[in-house]
Amino acid sequence: QGCDRGTPAAAAAYDKGGKRMTPLQEYCNAYTMVLPSIYGVYYAYATGCLALETATQRRLAALLLGTWLHMPFSVVYHLWCARNPTGERTDNVRRRLDQLFIYVACALYAYALSGDARFTLGVAAYCALCAARLWAPSCTHLERKVTVLVAVLLYSSALLRGDDPVRAVENYRRCVGVFVASAAGIALGGWGHAIFHVGMVPYVACMLEAIQD
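Bear in mind that the values here come from a model prediction, so they are computed numbers and not experimental data.

A. Representation of the side chain of glutamine 99 in the model. You can see glutamine 99 is positioned in helix α5 (residues 93–114). The exposure class of glutamine 99 is buried, given its relative accessible area of 5%.

This is the structure in structure tokens:
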């Protein structure tokens, strides 16, 4: 049985529902996934944060590192989907590696947004358990979605830990608002995933700004 949809009949129902993207859409998913990392390179060059001389610079660098580490695995996965339009999209090693590095990014984002070692270790422990589950036969497609969402909620909660409660809430509202608006594109199907990737550029920018507050 497949890890995500279980049976060939379930996979066929998934495809019949119009959820399988076209090769062109998958190529767009791959190319748009590079945009947040390109912005990260620009930001690192413009601010010099990779000097790692201050605590803030190290937190900024951690957020950029999480973005950069996930990017190649996501690109490889979407390119594979584009070149294998009838292949199993989620129950394969490329998708698992893509999702594994989402968890890696979440752990790094937890440190970037909090600067707190104990908070980071807690989020990292959760992400490690979720990553291990990716290879379990009992892992379901729904479980993967829910655990990633929980990881996002965990690391983003660090935005509420600022010394100025009003500013902290504003940072949280702005960053989560951008994320939700971007993720809403996925509900459109087809091109929605590429829209989500493009939306990750302002999302990363919002988080970088929040770290410097």
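B. Region of the structure containing the packing of helix α6 (residues 117–133) against helix α7 (residues 141–156). Contact pair α6 / α7: the axes reach a minimum separation of 11 Å and the direction vectors enclose 170°. Here α6 lies roughly antiparallel to α7, going by the angle between them. Every residue of α7 that contacts α6 at Phe119, Val123, Tyr126, Cys127, Cys130 and Arg133 is listed here: Glu143, Thr147, Val150, Ala151, Leu154 and Tyr155. Taken together, the residues of the contact of α6 with α7 sort by class into nine nonpolar, one polar and two charged.

C. Representation of unusual backbone geometry. Residue leucine 52 is not a glycine yet carries a positive backbone phi of 60°. Its place among the elements puts leucine 52 in the loop between α3 (35–47) and α4 (55–83).

D. Region of interest: the pattern of salt bridges. Across all of its chains, the model carries eight salt bridges by this definition. Across the pair arginine 161 and aspartate 116 runs a salt bridge, and its minimum N-O distance is 2.7 Å. Taken together, the positions of arginine 161 in the loop between α7 and α8 (165–183) and aspartate 116 in the loop between α5 and α6 put the pair 45 residues apart, joining distant regions of the chain. Here glutamate 143 ties to arginine 133 by a salt bridge, and the two come within 2.7 Å at their closest N and O atoms. Here glutamate 143 is found in helix α7, whereas its partner arginine 133 is found in helix α6, with 10 residues between them in sequence. For arginine 133, a relative accessible area of 28% corresponds to the partly exposed category. One connected set of salt bridges, linked through shared partners, spans Glu170, Arg173, Arg174 and Glu209.

Reading guide: rules and limits
- Residues numbered from 1 in each chain as written.
- Predicted model: local features only at pLDDT ≥ 70, side-chain atom pairs only at ≥ 80, totals over all residues.
- Heavy atoms only, no water.
- Helix = DSSP H or I, 4+ residues; strand = E, 2+ residues; numbered from the N terminus.
- Buried < 20%, exposed > 50% of the residue type's maximum accessible area, 1.4 Å probe, protein only.
- Axes fitted to C-alpha atoms, helices over the stretch in contact; angles between N-to-C directions.
- Parallel < 35°, antiparallel > 145°, perpendicular 65-115°, else oblique.
- Contact = heavy atoms within 4.5 Å.
- Nonpolar A, V, L, I, M, F, W, Y, C, P; charged D, E, K, R; others polar.
- Salt bridge = Lys/Arg side-chain N within 4 Å of Asp/Glu carboxyl O.

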